[in-house]
Amino acid sequence: MSGNGMVRPCSCPASDKLARGAKTRSTPWLTTAQSAIAVIGIDIGKNSFHVVGLDGRGAIVLRQKWSRGQVEARFANMSPCLIGMEACVGAHHLSRKLKALGHDARLMPARYVRPYSKGQKNDFRDAEAIAEAVQRPTMKFVVTKTADQLDLQALHRVRERLVSQRTGIINQIRAFLLERGIAVRQGQRFLRVELPRILATPPDVLSPRMVRVIEGLASDWHRLDERIEGLSTEIEELAKRDAGCERLMSIPGIGPIISSAMVAAIGTGDSFSKGRDFAAWLGLVPRQISTGDRTILGKISKRGNRYLRVLFVQAAWVVLVKVKPTRWQGHGLRPWIEAAKKRLHHNVLAIALANKLARIAWSVLVHGRAFETNKRQAAA
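Residues numbered from 1 in each chain as written. Predicted model: local features only at pLDDT ≥ 70, side-chain atom pairs only at ≥ 80, totals over all residues. Heavy atoms only, no water.

## Concerning the overall build of the protein chain
Scanning the protein chain from N- to C-terminus turns up 16 helices and seven strands. Counting only residues that meet the buried cut, the protein chain has 39% of its 380 residues in that class. Across the protein chain, the fraction of contacts at a sequence separation of at least 24, relative to all contacts at a separation of at least 6, is 57%. As displayed, the protein chain has an accessible area near 22,000 Å², and 52% of this comes from carbon and sulfur atoms. (Helix = DSSP H or I, 4+ residues; strand = E, 2+ residues; numbered from the N terminus. Buried < 20%, exposed > 50% of the residue type's maximum accessible area, 1.4 Å probe, protein only. Contact = heavy atoms within 4.5 Å. Areas by Shrake-Rupley, 256 points an atom, 1.4 Å probe, with all protein chains shown as cover.)

## What about the nonpolar core?
Counting residues in hydrophobic clusters, the biggest one holds 65 residues, and the most contacted among them are Met262, Phe278 and Phe312. Every residue in contact with Phe278, bar those within four places of it in the chain, is listed here: Met262, Ile266, Phe272, Leu308, Phe312, Ala358 and Trp362. In this structure, Ile44, Phe49, Met85 and Ala91 belong to the second largest nonpolar core, which totals 20 residues. (Core = buried A, V, L, I, M, F, W, Y, C linked by side-chain atoms within 4.5 Å.)

## Topic: the sheet that holds strand 4 (residues 82-86)
Within the open sheet, the five strands sit side by side as 3-2-1-4-5. Their pairing is mixed. This sheet does not close on itself; its edge strands, each paired only once, are strand 3 (60-67) and strand 5 (104-108). On average, adjacent strands in this sheet sit at an angle of 20° to one another, irrespective of strand direction. Bridge analysis of strand 2 (residues 48-54) against strand 3 gives seven bridges, and the strand direction is antiparallel. Bridge pairing in strand 3 places Phe49 opposite Trp66. Sheet contacts for helix 2 (residues 68-76): strand 1 (39-43), strand 2, strand 3 and strand 4; angle to strand 3, the most-contacted strand, approximately 135°. (Pairing = 2+ DSSP bridges. Axes fitted to C-alpha atoms, helices over the stretch in contact; angles between N-to-C directions.)

## Observations regarding the confidence of the model for the protein chain
Mean pLDDT for the protein chain: 85, with 87% of residues reaching 70 or above. Residue range residues 1-29 is modelled with pLDDT below 50. Its contacts to residues more than four positions away, or to other chains, number 28 contacts. Low pLDDT, under 50, characterises residues 375-380; the stretch is placed with six contacts to residues that sit more than four places away or in other chains. (pLDDT = per-residue confidence, 0-100.)

## Side note on the pattern of salt bridges
All chains considered together, the criterion is met by nine salt bridges. The partner of Arg192 in a salt bridge is Asp225, and the shortest N-O contact between them spans 3.2 Å. Placement of Arg192 in helix 7 (residues 188-199) and of Asp225 in helix 8 (residues 208-241) is noted, with a sequence separation of 33 residues between them. For Arg192, a relative accessible area of 39% translates into the label partly exposed. The buried category is assigned to Asp225, whose relative accessible area is 17%. (Salt bridge = Lys/Arg side-chain N within 4 Å of Asp/Glu carboxyl O.)

## What to know about the layout of surface pockets
The calculated volume of the largest pocket comes to roughly 1,400 Å³. Taken together, 48 residues form the lining of the largest pocket, with Val142, Lys145, Ala265, Phe272 and Trp281 sitting closest to its centre. Broken down by secondary-structure element, the contributors of at least two residues to the lining of the largest pocket are helix 3 (91-100), helix 4 (110-113), helix 6 (147-179), helix 10 (256-266), helix 11 (275-282), strand 6 (286-288) and helix 12 (306-322). Considering every element that reaches the lining of the largest pocket, the biggest residue donor is helix 6, with six residues. Per-class residue counts for the lining of the largest pocket are 22 nonpolar, 17 polar and nine charged. Val310, Leu311, Gln314, Ala315 and Val318 are the residues nearest the centre of the second largest pocket, which is lined by 18 residues in total. (1 Å grid on protein atoms, 1.4 Å probe; cavity = no way out; pocket = protein on both sides within 12 Å on 5 of 7 lines; lining within 4 Å. Points joined across faces, edges and corners; volume = space filled by probe spheres on them. Nonpolar A, V, L, I, M, F, W, Y, C, P; charged D, E, K, R; others polar.)

## Quick notes on the packing of helix 11 against helix 12
Two elements in contact, helix 11 and helix 12, have axes separated by 9 Å at closest approach and are oriented at 110°. As the angle between them shows, helix 11 and helix 12 are arranged roughly perpendicular. Residues Phe278, Trp281 and Leu282 of helix 11 lie in contact with helix 12, whose contacting residues are Leu308, Arg309 and Phe312. By residue class, the composition of the contact of helix 11 with helix 12 is five nonpolar, no polar and one charged. (Parallel < 35°, antiparallel > 145°, perpendicular 65-115°, else oblique.)

## Details of the pairing of strand 1
Summarising burial for strand 1: five of the five residues are buried, a large majority. By the alternation rule, side chains of strand 1 split into Val39, Gly41 and Asp43 and Ile40 and Ile42, which are all buried. Relative to strand 2, strand 1 is paired through five bridges, and the arrangement is antiparallel. Within the sheet, the bridge partner assigned to Ile42 lies in strand 2 and is Val51. Here strand 1 folds back onto strand 2 in antiparallel fashion, the turn holding four residues. Summarising the sheet, strand 1 and strand 4 pair through four bridges and their orientation is parallel.

## Structural notes on the environment of Ala105
Relative to the helices and strands, Ala105 resides in strand 5. Classification of Ala105 by relative accessible area gives buried; the value is 4%. Taking the C-alpha atoms as reference points, Ala105 and Gly84, separated by 21 residues in sequence, lie 6.0 Å from one another. Sequence-distant contacts of Ala105, defined by excluding residues within four places in its chain, comprise Ile83, Met85, Ser95, Leu98 and Lys99.

Structural data, given as structure tokens:
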């Protein structure tokens, strides 16, 4: 013990070997000083994990590097404690394992941990910063996802990648045709209809070599369509069997893709205290830069889950463009939309409606009730 009462790590040869992760036959890896660990920070790696443990007063009593195979066995022999990790690849799996062992495992966004890092960056400093951040009472944590949520999220991510590749192929075909003076109306359905006629044009308009190139791209386009259709069908089947997705699909503009993506992202929505927090997490609220009595609101922040934000904006455009105004009254949105149209640009109106739909979706998911129209408001 030092003069100021702080406990320092033991500097004996045995503890030095333990600090390097060495195995001993007679001495257990958990010493008496380390048995009083209250908080642990883990910096997750691919094959190695850097672990820093703090006692009740915040002093470092554990500072080791473990392999992936050692983590579960060593935590199984440790008393239950608070464990912090960054929400990164593999964190949700490890969090479920540690919770099963009785530990209080919590995940945090990496950018919320960064301010607690001191000095130059290394893995042990990162683990120490994680251990400091997880103790903060105002820290925002990430809810641990279940295996089913991760499976559903994987389907959405693969589908998103395939849709992006299909869009790139369509744009490349259009660019090649424009270089030859052939312009097609915007929209993939128009290009799909016109493509056979274009490929049959005389050689002086489109060379045989370019015809072969476009035919190859069209074949890739067709294969991507089949894979996207298969994934969409699987997502729709999963959404029909999930009670939360069924309730979300009662909201206008929200279908199986959006509902399943939302369930995969936030589960039951308990991590948010109100609908505005969920909309702010999606990035659908104005960016605020205020000081004193001046309140300055800018464009939307575009933070959080970009994929889910784009889906909610698309749902808003579906309600505004494809749903007839006479049907707005049946959804209870007509008074609000009519009033907003008088003061907002149509693009701003779409974002505002997406914000409103996101808040409604959170309320439906948290309270376990389907969307219900306010009859008095609809009658007005």
